[in-house]
Amino acid sequence: MAAKMRGGDGFIAALDQSGGSTPKALRAYGLSESDWSSEEEMFDLIHDMRARIVAAPAFNGEKVVGAILFEQTMDRQFAGEPAAQHLWNTQGVVPFLKIDKGLLDRENGVQMLAPMPGLQDTLKRAHDLGVFGTKERSVIHEPNETGIEAIVAQQFDVAAQVLNADMMPILEPEISIDAPDKARAETLLLGCVMDNLERLPKDAEVMLKLTLPEQAGLYQPLVDHPKVMRVVALSGGYDREEATRRLAQNPGVIASFSRALTEGLSAQQSDEAFNAQIEQTIDTIYRASTAA
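### Quick notes on the overall build of the protein
Then comes step 1: Within the protein one finds 12 helices and 11 strands.
Then comes step 2: Along the three orthogonal principal directions, the C-alpha set of the protein runs to about 50 × 40 × 40 Å.
Then comes step 3: Summarising the internal contacts of the protein: among those between residues at least 6 apart in sequence, 73% fall at separations of at least 24.
Then comes step 4: Between the mean site of the 27 positive side-chain charges and the mean site of the 43 negative ones, the protein shows a separation of 2 Å.

Take a look at the structure:
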């Protein structure tokens, strides 16, 4: 799995919509609140959507190197196999797990990770189920140096726990695409991440999931850093056209898209139309991820 992530061509599919973002994802998929009467039914519907994506012929390790799962997805099955094992053993796609439990209120221009009770147990269970790594998201809303330093320190603290569980952390200090002076926030973030990388143990590696920058190639020092296995980009609210345009300008960075991946998919599509749409989307994101 490490070799696949280090050198594989392609991108990481973000299939990790959580409780808060699931209704919006289902609405984009052509379903409404009238289609479910409980949270359990809502999560069943989003799992059906994810299973349909994973079952598409184009969704395989040739162009999709990894997939990030919601915890409930990890505990379910794809095609009669445990989800993580099916992704890797059948399709050659490296499984990751979203471990963050939401965000704290905004302070110093950022939203830190909320507490993650039972994290060690979650990591052990994920590791035993064949999950390679984790992803943890916090958000930067403005170029506040104090806030950015705090958010990066917290991300690296969580990363240390994940590394101790023999798993690969994807640190995700997202910068809002609506942040004032987004470019300044990106410069501050780059400096903080570089400083924290130098404090990692000698043989440690992490991955980074970052908002596509205003200055093309800004994160090249991270792409080239010996302690960074891979830098991936979130779509962050950009539509697929804009996200892939920006991605193609950043050599060495690959996609980890959620909304841009599911754009154009509908519960009402025939399997033929659905599979054709996801194939076209995968090809588009793949080309942008391998543009360099």
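### Observations concerning the pattern of salt bridges
Then comes step 1: Following the criterion strictly, the structure yields 19 salt bridges and no others.
Then comes step 2: A salt bridge links glutamate 214 to lysine 182, with the nearest nitrogen and oxygen atoms 2.8 Å apart. Placement of glutamate 214 in the loop between strand S9 (206-211) and helix H9 (220-223) and of lysine 182 in helix H8 (residues 182-198) is noted, with a sequence separation of 32 residues between them.
Then comes step 3: According to the relative accessible area criterion, lysine 182 is buried, its value standing at 5%.
Then comes step 4: In this structure, the salt-bridge partner of arginine 246 is glutamate 242, at a minimum N-O distance of 2.7 Å.

### Topic: a negative patch on the surface
Then comes step 1: Judged by side-chain charge, Glu145, Glu149, Asp195 and Glu198 come together as a negatively charged surface patch.
Then comes step 2: Among the secondary structure elements, those contributing two or more residues to the negative patch are helix H7 (145-164) and H8.
Then comes step 3: When you line up the elements, glutamate 145 lands in helix H7.
Then comes step 4: Here glutamate 145 falls in the partly exposed class, since its relative accessible area comes to 44%.

### Observations regarding unusual backbone geometry
Then comes step 1: Here the phi dihedral of alanine 79 falls at roughly 55°; this positive angle occurs in a residue that is not glycine.
Then comes step 2: Residue asparagine 108 is not a glycine yet carries a positive backbone phi of 55°.
Then comes step 3: Structurally, asparagine 108 can be placed in the loop between strand S5 (94-98) and strand S6 (110-111).

### Notes on helix H3 (residues 39-55)
Then comes step 1: The end-to-end C-alpha distance of H3, which contains 17 residues, comes to 24 Å, matching closely the 24 Å that a straight helix rising 1.5 Å per residue would cover.
Then comes step 2: Among the residues of H3, those classed as buried are Met42, Phe43, Ile46, His47, Met49, Arg50, Arg52, Ile53 and Val54.

### Topic: the pairing of strand S11 (residues 253-257)
Then comes step 1: Summarising burial for S11: five of the five residues are buried, a large majority.
Then comes step 2: Here S11 shows no split at all, with Val253, Ala255 and Phe257 on one side and Ile254 and Ser256 on the other all buried.
Then comes step 3: With two bridges joining them, strand S1 (residues 11-15) and S11 adopt parallel strand pairing. The partner of alanine 13 across the bridge, within S11, is phenylalanine 257.
Then comes step 4: Bridge count between strand S10 (residues 228-234) and S11: three bridges; the pairing is parallel. Within the sheet, the bridge partner assigned to valine 231 lies in S11 and is valine 253.

### As for the nonpolar core
Then comes step 1: By size, the foremost hydrophobic cluster in this structure holds 69 residues, and its most contacted members are Phe11, Phe59, Leu189 and Leu222.
Then comes step 2: Looking at which element gives the most residues to this core, the answer is H8, with seven residues.
Then comes step 3: Discounting chain neighbours no more than four positions away, the residues touching phenylalanine 59 are Ala13, Leu15, Ile53, Val54, Val64, Ala67, Leu87, Gln91, Val93 and Ile282.

### Here's the deal with the packing of helix H10 (residues 240-248) against helix H12 (residues 271-289)
Then comes step 1: At a minimum axis distance of 7 Å, the contact between H10 and H12 shows a crossing angle of 25°. Taken together, H10 and H12 sit at an angle that is classed as roughly parallel. Contact with H10, carried on its side by Arg240, Thr244, Leu247 and Ala248, involves Gln277, Thr281, Thr284, Ile285, Ala288 and Ser289 of H12 and no other residues of that element.
Then comes step 2: Here the contact of H10 with H12 is composed, by residue class, of four nonpolar, five polar and one charged.

Rules used in this analysis
- Residues numbered from 1 in each chain as written.
- Predicted model: local features only at pLDDT ≥ 70, side-chain atom pairs only at ≥ 80, totals over all residues.
- Heavy atoms only, no water.
- Helix = DSSP H or I, 4+ residues; strand = E, 2+ residues; numbered from the N terminus.
- Contact = heavy atoms within 4.5 Å.
- Lys, Arg positive; Asp, Glu negative; His and termini not counted.
- Charge placed at Lys NZ, Arg CZ, Asp CG, Glu CD.
- Salt bridge = Lys/Arg side-chain N within 4 Å of Asp/Glu carboxyl O.
- Buried < 20%, exposed > 50% of the residue type's maximum accessible area, 1.4 Å probe, protein only.
- Patch = residues over 30% accessible without salt bridge, like charges linked within 9 Å, V, L, I, M, F, W, Y side chains within 5 Å.
- Areas by Shrake-Rupley, 256 points an atom, 1.4 Å probe, with all protein chains shown as cover.
- Expected span 1.5 Å × (residues − 1).
- Pairing = 2+ DSSP bridges.
- Core = buried A, V, L, I, M, F, W, Y, C linked by side-chain atoms within 4.5 Å.
- Axes fitted to C-alpha atoms, helices over the stretch in contact; angles between N-to-C directions.
- Parallel < 35°, antiparallel > 145°, perpendicular 65-115°, else oblique.
- Nonpolar A, V, L, I, M, F, W, Y, C, P; charged D, E, K, R; others polar.

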